[in-house]
Structure formats: C-alpha cells, structure tokens
Amino acid sequence: MDRLKIRGGKPLQGHIRAAGAKNAMTKLLVASLLSDKKCTFRNVPNIGDVEITVNLCREIGSEITWDKKNNVLEIITRELKTSYIPQKYSGSNRIPILMIGALLGRTDEDIIVPTAGGDLIGSRPVDLHVHALQKLGATIEFRGMKKEGAYFAQAHKGLKGAIVTLDYPSVGATENTILAAVRAKGTTLIKNSAIEPEIIDIILFLQKLGANIMVDVDRTICIQQATTFHEVEHTVLADRNEVASYAMAAIATKGRVFIENAEHLNMIAFLNKLREIGGGFTVKPNGIEFFYEAPLKGGLHVETDVHPGFMTDWQQPFVVLLTQAHGVSVLHETVYENRFGYTHTLKEMGADIALFSQCLGGKTCRFASCDHHHSLVVKGPTPLKAKEICIPDLRAGFAYVMAALLSKEESIITNVEYLDRGYEDFVNKLTALGADIIRETSDLPKILHKKIDTPSVAV
C-alpha cells in the first residue's frame, strides 16, 4: 500500500491538462459492447476504474489495445466469450450492473453479474435498474447472500420498447435503460431521466454507433431500436470532477492554475458558487484559469442535486474551501444520505463543522425526517493542521489532500488507491503545480472498503 506525504503552505501555480471523464469512459466501454464494430476512444484517462472496466470487458471477449501514453484505446467485441462476470469483480465498482443492459440484446444466454460496488457514501440500491429493465421485458432475479450473491438476467423473448418512469433521476439506472433500449424492438421513453454531461457523451457515442436517441426538455429520453452499427471514433469529454477539484485547491491555497480542456458548459453550477465565494476564474478558448484574488467570503447556501444542479462530487472539496472563507455557510446534500463521514477528520484538523439531520436550505429533500446527517454548517476561516489520514472514498480523498495542502506541517495519507481510481497521475500534476507531495510505499496494512448493495433496499 502506498502513502502520501504532504507538506502544505504553498500556493498552487501553473498549468495542467484535464483528463477524460471517469464517469463517461467506463460507461463508454460498456456501451461499445452493444455492437461487434471497432470503437476508438481518445482522451482516455489512465485511472483505476478504467483499468477495472477494461479487464471486465476482456473477460467476456473484448479485444482491447490501450495506448496509455497517447490516451487512445481501441475495443472490438466480435463475439461474446461468456455472459458471466466473475465474482472477483463483486464490489470493485458500479460497472458490472451496467453489463446487463448492454448484453441483453446481444445474447440469449443468461447474464450473470456480481453485486455492485462503489464508495461508502450511502445506500446505492439497484432496484431502479431492475424495475426499468423488467419494464423492457427482461427477467432479473438476485440469488445468494449479499457479498456472495449475483444478479441473473435474461430476455429469451427479446426486449420490447416501453415507457419507463424513474422514481428518481438516477444516473446508473438511466444508463442501463438506454443501453438495453438501443436493441429493444420499437421505441423506448425514459421519463425523469438523468441528463448529466457524461450521459450526453454516451448518447453522442451511441448516435455515432447507429442509435437514434433524442433528449427532450422535460428529462425524457427517446430511444428507437438500432439494427445497423458502425465503427466509431470518439473523444471523451473532460472530467468535470477533476477540474473542480484542482480549481478549488488552487483558490484555497491562494494560487493560480490554468486547466487546459476544462469545459465551461459542464461547469456552470460550480462556477456560479465559486464566484459567490469570491474565487476568480477566466474562461479561455482552450480551458479555464482559476485564481485567488481576494479574501474568500462565506454566507453561502449550497445544495447538491442532479444535473444541472451543484454536483454531489464537488461538495467535499468545496467544504474544505469554505473552511477558508469568512463567515458561516450551509451545505445541504440531497443525492446521498451518508456523504459527510469525511467531515470528522476535517474537524480533527481544525475545521469548524456541525452536522444536522434536518434539511437546511431551500427545499425539503427525500432524506427529510429519515435521521440522516445530510446538512452541515461550516464556519471560517480556520487554519488546518496536519494529520495522519486514511482515505474512505474517492472524493473524500481529494478533500483530504486539499486540507493537507493548507497545513504548513506534514500530513500522511493512506489508502491512496482510492485516488488512483479517479484522478490520473495526480501526484505529478500536483508536483507540477508546486505542491510538496511525495508518494512512497508503506508497510501499513491495506484497508479498502466495499459497499455491497442488496435488492431489498429501496430508493
């Protein structure tokens, strides 16, 4: 297991390039399984979750060439070697469950996938996926016990288009339904769908592949059956989570960083809040420059939501940023009910944060009266002190790195593998910006947490 040694107190200065989006590239690989044509992807991030997904695709018969130096990946799945995803992928990430939607139209065999994984950020059930795919004609059941269990799916009579209404605009359920609908007979309407930029990127890819897909103004996605497929070249959109993370680190450390390929359109909600807190940014033709220009001011109300709202993955580093702002701010998490676990460590580092189970802010969310700590109040500015930290999940991991960059003493951070899952070459990028950060091998035992979802949990 590796660990980081970080000594903060230095402003981040310089120029980095945004990597391709983790939440798009992993799903694009799965989407390529719909056809037997070659797909070429550019701007592919060299991160752990893409590595896992590549291995998963190879398990079922995909031929893959990955030029990591030039960020180019070619994949072709001429035929399926198997429709069984081994148990070793149980809990690795959220991708195995998406294999059901992609493979239902390509095989008459039973599709077997292990339980879904992901970070410990709250209940992440797959019942929305299951109900949507059943609506299209799939038969899906869960067999086994939790960690050792698997989902068995088949559509021996074929899939048929239907009207699918999601109870919540879940990203994963929307993606799974789109993938299944591409080969389903007739037309499928997905109502109350997620419309995140990464989903739009997948839709653009599928249109190149041969699908007819339309996104309507009322969160309705219309998919017509595709029967002919084509070879595709596709450039993955920039990772808005990575862009926001480095942007906040630059401003918190009173620095200036230009992020090449950062896309303005996908950052609107984030940039608005950044401006409210007093952070500076300049949109340029080839990216966005972020900089500190005056003392940061608190007094903000931030509410996470599905796109086009303020992204839930932005809130952890944003809370660190708020610890450096003058005044009291409120953050209300409406996407996951258990995403504030990381604040305990921030409080030990000196942050003034209080958690609440009430919905603090503009609206009542689905976690109201559920006794979940899903709102917080943060007061700043407060100096942060160094600490030995064990990362519990990907986005909390960057929040801890950011907090360490604000301390003038040395922090030691373990469970670095979580950062590898979603941040390409992050040590070298931070070093290039002037951070005092070293990655070294540690003899400490490896502690990785897995979240296992069972079909009995309801959204």
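Now for a quick tour of the structure. From a predicted model like this one, the values you see are computed outputs, not experimental measurements.

About the criteria used
- Residues numbered from 1 in each chain as written.
- Predicted model: local features only at pLDDT ≥ 70, side-chain atom pairs only at ≥ 80, totals over all residues.
- Heavy atoms only, no water.
- Helix = DSSP H or I, 4+ residues; strand = E, 2+ residues; numbered from the N terminus.
- Rg over C-alpha atoms; globule rule 2.2 N^0.38 Å.
- Buried < 20%, exposed > 50% of the residue type's maximum accessible area, 1.4 Å probe, protein only.
- Contact = heavy atoms within 4.5 Å.
- Areas by Shrake-Rupley, 256 points an atom, 1.4 Å probe, with all protein chains shown as cover.
- Lys, Arg positive; Asp, Glu negative; His and termini not counted.
- Charge placed at Lys NZ, Arg CZ, Asp CG, Glu CD.
- Expected span 1.5 Å × (residues − 1).
- Polar contact = N/O pair within 3.5 Å; in protein donor to acceptor, adjacent residues only side chain to side chain.
- Axes fitted to C-alpha atoms, helices over the stretch in contact; angles between N-to-C directions.
- Parallel < 35°, antiparallel > 145°, perpendicular 65-115°, else oblique.

Within the protein, the regular secondary structure consists of 13 helices and 23 strands. Its C-alpha atoms give the protein a radius of gyration of 22 Å, within 12% of the compact-globule value 23 Å for 459 residues. Expressed as lengths along the three principal axes of its C-alpha atoms, the size of the protein is roughly 65 × 50 × 45 Å. A burial count over the protein gives 59% of its 459 residues as buried. The contacts in the protein between residues at least 6 apart in sequence include a share of 76% that link residues at least 24 apart. When the accessible surface of the protein is summed, it comes to about 17900 Å², and 49% of that surface belongs to carbon and sulfur atoms. Across the protein, the centroid of the 52 positively charged side chains sits 1 Å from that of the 52 negatively charged ones.

Here we take up helix α7 (residues 240-252). One turn of the α-helix equals 3.6 residues, which is why residues spaced by three or four share an orientation. In a regular helix each residue adds 1.5 Å, so 13 residues correspond to 18 Å; α7 covers 18 Å between its end C-alpha atoms and thus fits that length. The N-capping residue of α7, defined by a side-chain oxygen 2.9 Å from the backbone nitrogen of Asn 241, is Asp 239. Positioned one or two residues after α7, Lys 254 has a phi angle of 60°, which is positive.

Residue Pro 308 follows His 307 across a cis peptide bond; omega there is 15°. By the secondary structure assignment, Pro 308 is in the loop between β17 (301-303) and α9 (315-322). Cis geometry marks the peptide bond from Gly 380 to Pro 381, where omega comes out at 0°. Here Pro 381 shows up in the loop between β20 (375-380) and β21 (388-390). Even without being a glycine, Asp 371 presents a positive backbone phi close to 65°. By the element assignment, Asp 371 lies in the loop between β19 (352-356) and β20.

This paragraph deals with the packing of helix α1 (residues 22-31) against helix α2 (residues 48-59). Where α1 meets α2, the closest approach of the two axes is 9 Å, and the angle between their N-to-C directions is 5°. Taken together, α1 and α2 sit at an angle that is classed as roughly parallel. For the pair formed by α1 and α2, the contact residues are Lys 22, Met 25, Thr 26, Leu 29 and Val 30 on the first element and Asp 49, Val 50, Thr 53, Val 54 and Cys 57 on the second.

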